[in-house]
Amino acid sequence: MSARIIDGKALSRQLRQNFRRHAEHLKQQGIVPGLAVVLVGDNPASRVYVNNKIKACEECGVHSSTHSLPADTREADLLQRIEALNADDTVHGILVQLPLPAHIDMRRVLEAIDVNKDVDGFHLYNVGALATGNTIFPPCTPYGVQLLLETAGIDVAGQNVVIVGASNIVGKPMALMLLQKEATVTVCHARTRDLAQHTILADILIVAAGRPNLIVPQMVRRGVVVIDVGINRLADGRIVGDVDFEGVSEKAAWITPVPGGVGPMTVTMLIDNTLRSATRLAGEGEGIGSLGWDAPTLHPPHP
Ligand code: GUN
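Structure report, in brief. (Residues numbered from 1 in each chain as written. Predicted model: local features only at pLDDT ≥ 70, side-chain atom pairs only at ≥ 80, totals over all residues. Heavy atoms only, no water.)

A word on the site of the ligand
Reasoning step 1: In the vicinity of the ligand, the contacting residues are Lys53, Leu95, Val96, Gln97, Leu98, Asp120, Phe122 and Ile169.
Reasoning step 2: The separation between a nitrogen atom of the ligand and a polar main-chain atom of leucine 98 is 2.9 Å.
Reasoning step 3: Contact between the ligand and aspartate 120: a nitrogen atom at 2.6 Å from a side-chain N or O atom of the residue.
Reasoning step 4: Across the complex, the protein chains shield 83% of the 280 Å² of accessible surface that the ligand would expose by itself.
Reasoning step 5: Grouping the constituent residues of the shell around the ligand by class yields five nonpolar, one polar and two charged. (Near = heavy atom within 4 Å. Polar contact = N/O pair within 3.5 Å; in protein donor to acceptor, adjacent residues only side chain to side chain. Areas by Shrake-Rupley, 256 points an atom, 1.4 Å probe, with all protein chains shown as cover. Nonpolar A, V, L, I, M, F, W, Y, C, P; charged D, E, K, R; others polar.)

Right under this line is the structure:
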(Lines give C-alpha, C1' and ligand atoms only; values in the text may rest on other atoms or scores of the structure.)
Protein backbone atom coordinates (compact mmCIF):
# COMPACT_ATOMS: atom_id res chain seq x y z
CA MET A 1 0.00 0.00 0.00
CA SER A 2 1.15 3.52 -0.67
CA ALA A 3 -0.61 6.08 1.45
CA ARG A 4 -2.82 8.84 0.09
CA ILE A 5 -1.52 12.27 0.97
CA ILE A 6 -3.59 14.64 3.09
CA ASP A 7 -2.49 17.92 1.55
CA GLY A 8 -2.61 20.73 4.13
CA LYS A 9 -1.10 23.23 1.75
CA ALA A 10 -3.85 22.77 -0.83
CA LEU A 11 -6.61 22.86 1.79
CA SER A 12 -5.08 25.99 3.34
CA ARG A 13 -5.00 27.72 -0.03
CA GLN A 14 -8.66 26.96 -0.55
CA LEU A 15 -9.65 28.08 2.95
CA ARG A 16 -7.67 31.31 2.70
CA GLN A 17 -9.54 32.21 -0.49
CA ASN A 18 -12.79 31.74 1.46
CA PHE A 19 -11.46 33.79 4.35
CA ARG A 20 -10.49 36.61 2.04
CA ARG A 21 -14.07 36.78 0.81
CA HIS A 22 -15.36 36.77 4.39
CA ALA A 23 -12.95 39.51 5.40
CA GLU A 24 -14.20 41.58 2.45
CA HIS A 25 -17.75 40.94 3.56
CA LEU A 26 -16.95 42.13 7.09
CA LYS A 27 -15.28 45.25 5.69
CA GLN A 28 -18.43 46.04 3.74
CA GLN A 29 -20.22 46.04 7.13
CA GLY A 30 -17.62 48.51 8.45
CA ILE A 31 -15.61 45.89 10.38
CA VAL A 32 -11.90 45.59 9.59
CA PRO A 33 -10.79 42.32 11.20
CA GLY A 34 -7.57 42.86 13.15
CA LEU A 35 -4.97 40.58 14.76
CA ALA A 36 -2.23 41.75 17.15
CA VAL A 37 0.83 39.51 17.46
CA VAL A 38 3.15 40.00 20.43
CA LEU A 39 6.69 38.67 20.15
CA VAL A 40 9.08 38.94 23.10
CA GLY A 41 12.78 38.34 22.41
CA ASP A 42 14.51 37.09 19.29
CA ASN A 43 13.93 33.34 19.12
CA PRO A 44 14.58 32.66 15.39
CA ALA A 45 11.90 29.93 15.11
CA SER A 46 9.33 32.22 16.76
CA ARG A 47 10.26 34.98 14.32
CA VAL A 48 9.58 32.62 11.37
CA TYR A 49 6.22 31.54 12.85
CA VAL A 50 5.19 35.15 13.46
CA ASN A 51 6.17 36.15 9.91
CA ASN A 52 4.03 33.30 8.56
CA LYS A 53 1.07 34.52 10.61
CA ILE A 54 1.48 38.07 9.36
CA LYS A 55 1.76 36.85 5.75
CA ALA A 56 -1.44 34.81 6.17
CA CYS A 57 -3.24 37.91 7.47
CA GLU A 58 -2.13 39.88 4.39
CA GLU A 59 -3.25 37.06 2.13
CA CYS A 60 -6.72 37.02 3.72
CA GLY A 61 -7.24 40.78 4.02
CA VAL A 62 -6.96 40.77 7.82
CA HIS A 63 -5.22 43.77 9.37
CA SER A 64 -2.26 42.80 11.55
CA SER A 65 0.08 44.56 13.93
CA THR A 66 3.30 43.09 15.31
CA HIS A 67 4.47 44.12 18.76
CA SER A 68 8.14 43.11 19.00
CA LEU A 69 9.51 43.60 22.49
CA PRO A 70 13.09 43.04 23.67
CA ALA A 71 14.02 39.81 25.48
CA ASP A 72 14.52 41.70 28.78
CA THR A 73 11.02 43.22 28.74
CA ARG A 74 9.57 43.34 32.26
CA GLU A 75 6.50 41.21 32.85
CA ALA A 76 4.61 44.29 34.06
CA ASP A 77 5.32 46.07 30.77
CA LEU A 78 4.14 43.10 28.75
CA LEU A 79 0.93 42.93 30.82
CA GLN A 80 0.40 46.64 30.23
CA ARG A 81 0.77 46.12 26.48
CA ILE A 82 -1.83 43.34 26.59
CA GLU A 83 -4.20 45.58 28.58
CA ALA A 84 -3.87 48.22 25.86
CA LEU A 85 -4.65 45.64 23.15
CA ASN A 86 -7.64 44.36 25.19
CA ALA A 87 -9.02 47.91 25.22
CA ASP A 88 -8.35 48.57 21.52
CA ASP A 89 -11.58 48.09 19.52
CA THR A 90 -9.67 47.65 16.26
CA VAL A 91 -8.01 44.51 17.66
CA HIS A 92 -10.18 41.36 17.51
CA GLY A 93 -7.49 38.78 18.18
CA ILE A 94 -4.42 38.84 20.43
CA LEU A 95 -1.66 36.25 20.13
CA VAL A 96 1.40 36.14 22.37
CA GLN A 97 3.99 33.98 20.65
CA LEU A 98 5.40 31.22 22.87
CA PRO A 99 7.81 30.44 24.37
CA LEU A 100 8.28 33.56 26.48
CA PRO A 101 11.61 34.40 28.14
CA ALA A 102 12.12 32.48 31.41
CA HIS A 103 11.69 35.52 33.68
CA ILE A 104 8.09 36.00 32.51
CA ASP A 105 5.22 33.99 34.01
CA MET A 106 3.54 32.59 30.90
CA ARG A 107 0.29 31.70 32.68
CA ARG A 108 -0.11 35.21 34.06
CA VAL A 109 0.38 36.61 30.57
CA LEU A 110 -2.06 34.22 28.88
CA GLU A 111 -4.67 34.89 31.60
CA ALA A 112 -4.33 38.65 30.95
CA ILE A 113 -5.65 38.29 27.40
CA ASP A 114 -9.34 39.14 27.06
CA VAL A 115 -11.08 35.76 26.61
CA ASN A 116 -13.07 37.28 23.75
CA LYS A 117 -9.83 38.01 21.86
CA ASP A 118 -8.01 34.79 22.78
CA VAL A 119 -7.68 33.47 19.22
CA ASP A 120 -5.00 30.96 20.31
CA GLY A 121 -7.50 29.43 22.76
CA PHE A 122 -4.86 29.28 25.51
CA HIS A 123 -6.68 31.25 28.23
CA LEU A 124 -7.92 29.01 31.06
CA TYR A 125 -11.52 30.00 30.26
CA ASN A 126 -11.14 28.71 26.72
CA VAL A 127 -9.29 25.60 27.90
CA GLY A 128 -12.22 24.88 30.24
CA ALA A 129 -14.70 25.62 27.47
CA LEU A 130 -12.87 23.14 25.26
CA ALA A 131 -13.05 20.49 27.98
CA THR A 132 -16.84 20.85 28.17
CA GLY A 133 -17.36 21.04 24.41
CA ASN A 134 -18.27 24.72 24.35
CA THR A 135 -15.18 26.36 22.97
CA ILE A 136 -15.27 29.69 21.17
CA PHE A 137 -11.68 29.49 19.94
CA PRO A 138 -10.34 25.99 19.33
CA PRO A 139 -6.51 25.97 19.55
CA CYS A 140 -5.21 26.33 16.01
CA THR A 141 -3.07 23.21 15.54
CA PRO A 142 -5.62 20.63 16.75
CA TYR A 143 -8.34 22.59 14.96
CA GLY A 144 -6.32 22.27 11.75
CA VAL A 145 -5.81 18.54 12.31
CA GLN A 146 -9.54 18.05 12.87
CA LEU A 147 -10.31 19.84 9.62
CA LEU A 148 -7.72 17.80 7.69
CA LEU A 149 -9.37 14.59 8.92
CA GLU A 150 -12.85 15.86 8.10
CA THR A 151 -12.00 16.96 4.58
CA ALA A 152 -10.30 13.61 3.89
CA GLY A 153 -13.65 12.05 4.87
CA ILE A 154 -12.24 10.34 7.96
CA ASP A 155 -14.83 9.99 10.71
CA VAL A 156 -13.17 9.70 14.13
CA ALA A 157 -16.22 8.44 16.04
CA GLY A 158 -15.50 5.06 17.60
CA GLN A 159 -11.95 5.00 16.19
CA ASN A 160 -8.86 4.27 18.25
CA VAL A 161 -6.92 7.52 18.11
CA VAL A 162 -3.44 7.51 19.60
CA ILE A 163 -1.78 10.87 20.24
CA VAL A 164 1.96 10.95 20.86
CA GLY A 165 2.82 14.10 22.82
CA ALA A 166 0.88 15.66 25.70
CA SER A 167 1.66 19.35 25.31
CA ASN A 168 -0.82 22.09 26.24
CA ILE A 169 -0.64 23.43 22.68
CA VAL A 170 -1.27 20.21 20.73
CA GLY A 171 -1.65 16.88 22.54
CA LYS A 172 -4.03 17.78 25.35
CA PRO A 173 -6.46 19.99 23.37
CA MET A 174 -6.35 17.46 20.51
CA ALA A 175 -7.44 14.73 22.94
CA LEU A 176 -10.35 16.86 24.21
CA MET A 177 -11.56 17.67 20.70
CA LEU A 178 -11.44 14.04 19.63
CA LEU A 179 -13.23 12.92 22.75
CA GLN A 180 -15.95 15.41 21.90
CA LYS A 181 -16.21 13.69 18.51
CA GLU A 182 -16.59 10.30 20.25
CA ALA A 183 -13.16 8.86 19.42
CA THR A 184 -11.43 6.49 21.84
CA VAL A 185 -8.35 8.48 22.74
CA THR A 186 -4.98 7.39 24.12
CA VAL A 187 -2.37 10.02 24.95
CA CYS A 188 1.26 8.87 25.04
CA HIS A 189 4.15 11.03 26.24
CA ALA A 190 7.85 10.97 27.08
CA ARG A 191 7.28 8.68 30.11
CA THR A 192 5.11 6.17 28.24
CA ARG A 193 6.58 2.67 28.49
CA ASP A 194 6.77 0.77 25.20
CA LEU A 195 5.32 3.39 22.86
CA ALA A 196 4.90 0.87 20.04
CA GLN A 197 2.49 -1.19 22.15
CA HIS A 198 0.09 1.77 21.95
CA THR A 199 0.79 3.08 18.43
CA ILE A 200 0.24 -0.36 16.87
CA LEU A 201 -3.40 -0.23 18.01
CA ALA A 202 -4.11 3.14 16.38
CA ASP A 203 -6.66 3.55 13.62
CA ILE A 204 -5.55 7.18 13.60
CA LEU A 205 -2.09 8.18 14.87
CA ILE A 206 -1.34 11.83 15.64
CA VAL A 207 2.30 12.56 16.43
CA ALA A 208 3.43 15.79 18.08
CA ALA A 209 6.60 14.86 19.94
CA GLY A 210 9.27 16.96 18.21
CA ARG A 211 11.54 13.96 17.50
CA PRO A 212 12.51 13.05 13.93
CA ASN A 213 11.92 9.40 12.97
CA LEU A 214 10.18 8.59 16.25
CA ILE A 215 7.54 6.57 14.41
CA VAL A 216 8.85 3.80 12.15
CA PRO A 217 6.85 1.27 10.09
CA GLN A 218 7.00 -1.54 12.69
CA MET A 219 5.06 0.70 15.10
CA VAL A 220 1.92 1.08 12.98
CA ARG A 221 -0.70 -1.24 11.59
CA ARG A 222 -1.55 -1.49 7.90
CA GLY A 223 -4.24 1.01 6.89
CA VAL A 224 -3.54 3.51 9.66
CA VAL A 225 -4.18 7.26 9.19
CA VAL A 226 -1.07 9.23 10.21
CA ILE A 227 -1.05 12.91 11.10
CA ASP A 228 2.46 14.25 11.63
CA VAL A 229 2.51 17.49 13.63
CA GLY A 230 6.30 17.51 14.10
CA ILE A 231 8.50 20.15 12.50
CA ASN A 232 12.20 19.34 12.95
CA ARG A 233 15.16 20.92 11.22
CA LEU A 234 17.95 18.40 10.57
CA ALA A 235 21.67 19.24 10.59
CA ASP A 236 21.64 19.28 6.77
CA GLY A 237 18.87 21.93 6.83
CA ARG A 238 16.02 19.63 5.79
CA ILE A 239 12.67 20.00 7.54
CA VAL A 240 11.13 16.68 8.60
CA GLY A 241 8.31 15.55 10.85
CA ASP A 242 8.31 12.98 13.66
CA VAL A 243 7.36 10.10 11.34
CA ASP A 244 9.56 8.12 8.94
CA PHE A 245 7.47 9.33 6.01
CA GLU A 246 8.85 7.00 3.32
CA GLY A 247 8.63 3.85 5.44
CA VAL A 248 5.29 4.52 7.12
CA SER A 249 3.70 5.58 3.79
CA GLU A 250 4.09 1.95 2.65
CA LYS A 251 1.68 0.81 5.37
CA ALA A 252 -0.60 3.79 5.98
CA ALA A 253 -3.86 4.52 4.17
CA TRP A 254 -3.46 8.29 4.63
CA ILE A 255 -0.55 10.44 5.76
CA THR A 256 0.28 14.14 6.07
CA PRO A 257 3.61 15.32 4.62
CA VAL A 258 6.08 17.61 6.39
CA PRO A 259 6.30 20.31 5.23
CA GLY A 260 2.90 20.92 3.65
CA GLY A 261 0.63 19.06 6.06
CA VAL A 262 -0.36 20.37 9.47
CA GLY A 263 1.95 23.43 9.47
CA PRO A 264 0.04 25.60 6.98
CA MET A 265 -3.25 24.61 8.62
CA THR A 266 -2.18 25.94 12.03
CA VAL A 267 -1.69 29.40 10.59
CA THR A 268 -4.86 29.20 8.52
CA MET A 269 -7.03 28.32 11.52
CA LEU A 270 -5.70 31.38 13.32
CA ILE A 271 -7.29 33.48 10.57
CA ASP A 272 -10.55 31.56 11.02
CA ASN A 273 -10.53 32.32 14.75
CA THR A 274 -9.72 35.98 14.10
CA LEU A 275 -12.61 36.39 11.65
CA ARG A 276 -14.96 34.67 14.09
CA SER A 277 -13.79 36.99 16.84
CA ALA A 278 -14.27 40.09 14.69
CA THR A 279 -17.82 39.00 13.94
CA ARG A 280 -18.63 38.31 17.60
CA LEU A 281 -17.08 41.51 18.90
CA ALA A 282 -18.93 43.57 16.33
CA GLY A 283 -22.07 42.47 18.15
CA GLU A 284 -23.25 40.29 15.32
CA GLY A 285 -23.62 37.44 17.81
CA GLU A 286 -25.42 34.63 16.07
CA GLY A 287 -25.08 36.72 12.94
CA ILE A 288 -22.08 34.77 11.69
CA GLY A 289 -24.58 33.10 9.37
CA SER A 290 -26.09 36.41 8.37
CA LEU A 291 -22.64 37.63 7.37
CA GLY A 292 -22.40 34.74 4.94
CA TRP A 293 -20.04 32.69 7.09
CA ASP A 294 -19.64 29.32 5.45
CA ALA A 295 -16.20 28.91 6.91
CA PRO A 296 -15.19 25.58 8.43
CA THR A 297 -16.82 25.99 11.79
CA LEU A 298 -16.35 22.53 13.22
CA HIS A 299 -18.08 23.50 16.40
CA PRO A 300 -21.08 25.67 17.15
CA PRO A 301 -19.74 29.22 16.62
CA HIS A 302 -21.52 30.50 19.71
CA PRO A 303 -21.79 28.34 22.77
N1 GUN B 1 4.47 28.56 19.82
C2 GUN B 1 4.41 27.37 19.16
N3 GUN B 1 3.16 27.15 18.70
C4 GUN B 1 2.42 28.23 19.08
C5 GUN B 1 1.05 28.59 18.89
O6 GUN B 1 0.24 27.86 18.30
N7 GUN B 1 0.69 29.78 19.42
C8 GUN B 1 1.56 30.58 20.09
N9 GUN B 1 1.10 31.71 20.60
N10 GUN B 1 2.81 30.27 20.29
C11 GUN B 1 3.25 29.10 19.77
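After that view, the rundown keeps rolling.
Considerations on the pattern of salt bridges
Reasoning step 1: Throughout the structure, instances matching the rule amount to 10 salt bridges.
Reasoning step 2: Aspartate 105 is paired through a salt bridge with arginine 108; the nearest N and O atoms lie 3.8 Å apart.
Reasoning step 3: A relative accessible area of 32% places aspartate 105 in the partly exposed class.
Reasoning step 4: For arginine 108, a relative accessible area of 47% corresponds to the partly exposed category.
Reasoning step 5: The salt bridge partner of glutamate 111 is arginine 107, with a shortest N-O separation of 2.7 Å. Of this pair, glutamate 111 and arginine 107 both sit in helix α4 (residues 106-112), four residues apart, which is roughly one turn of the helix.
Reasoning step 6: A residue is classified by how much of its surface remains accessible, and glutamate 111, at 26% relative accessible area, is partly exposed.
Reasoning step 7: The network of salt bridges with common partners includes Glu75, Asp105 and Arg108. (Salt bridge = Lys/Arg side-chain N within 4 Å of Asp/Glu carboxyl O. Buried < 20%, exposed > 50% of the residue type's maximum accessible area, 1.4 Å probe, protein only. Helix = DSSP H or I, 4+ residues; strand = E, 2+ residues; numbered from the N terminus.)

Worth remembering: the numbers are spatial, not functional.
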